[in-house]
Amino acid sequence: AAITPALMGAFFFKRGTTAGGLASIASGMGMTLIWEIWNLKEHIFTLPLAGETTIPTIYPSLFLSLAALFIISYLTNPPSEEKLARFKKKKTNSSY
């Protein structure tokens, strides 16, 4: 949940920025470490009537990572056209 949203955002989210990608990776990794180290999955969100129903680590980490990617990307300046031009498909006149 740390790298995947940033990687997918690099391919499919044209408004994504470097700062958004870094915030996405850092927040996803941070949430995963906090969730696992403090064993929050065992102590928080356990429903006593449902038995051992807990929230897996991937869900809060993915949510926070995606939120950071979108929020930080929209708060910072968008990538320049020059930077985006390197990734755009170039049209050629050759036929196969």
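Residues numbered from 1 in each chain as written. Predicted model: local features only at pLDDT ≥ 70, side-chain atom pairs only at ≥ 80, totals over all residues. Heavy atoms only, no water.

Another aspect to go through is the overall build of the chain. Within the chain, the secondary structure is distributed over five helices and zero strands. Mapped in sequence order, the helices and strands of the chain form the string α-α-α-α-α. (Helix = DSSP H or I, 4+ residues; strand = E, 2+ residues; numbered from the N terminus.)

In this model, the chain carries an average pLDDT of 81, and 73% of its residues clear a pLDDT of 70 or more. Of all secondary-structure elements in the chain, the lowest mean pLDDT belongs to helix α3 (residues 40–43), at 60, while helix α4 (residues 58–75) reaches the highest, 94. (pLDDT = per-residue confidence, 0-100.)

Tallied over the full model, the rule gives three aromatic pairs. Look at Phe13 and Phe70: their rings are 4.8 Å apart centre to centre, the planes differ by 70 degrees, and that puts the pair in the edge-to-face class. You can see Phe13 sitting in the loop between α1 (4–12) and α2 (18–37) and its partner Phe70 sitting in helix α4, a full 57 residues away along the chain. Taking relative accessible area as the criterion, Phe70 reaches 37% and is therefore assigned partly exposed. Taken together through their ring pairs, the aromatic side chains of Phe13, Phe70 and Tyr74 make up a single cluster. (Phe/Tyr/Trp six-rings, centres within 6.5 Å; stacked < 30°, edge-to-face > 60°. Buried < 20%, exposed > 50% of the residue type's maximum accessible area, 1.4 Å probe, protein only.)

So, about the side chain of Ser73. Tracing the backbone through its elements, the reader meets Ser73 in helix α4. In this structure Ser73 comes out as buried when scored by relative accessible area, which is 0%. Polar contacts involving the side chain of Ser73 include one to the main-chain amide nitrogen of Thr17, which spans 3.2 Å. Those residues in contact with Ser73 that sit more than four places away from it in its chain are Phe13, Arg15, Gly16, Thr17, Gly20 and Ala68. (Polar contact = N/O pair within 3.5 Å; in protein donor to acceptor, adjacent residues only side chain to side chain. Contact = heavy atoms within 4.5 Å.)

Turning next to the side chain of Ser24. Structurally, Ser24 can be placed in helix α2. Look past the residues within four positions of Ser24 in its chain and what remains in contact with it is Ala2, Pro5, Ala6, Ser65, Ala68 and Leu69.

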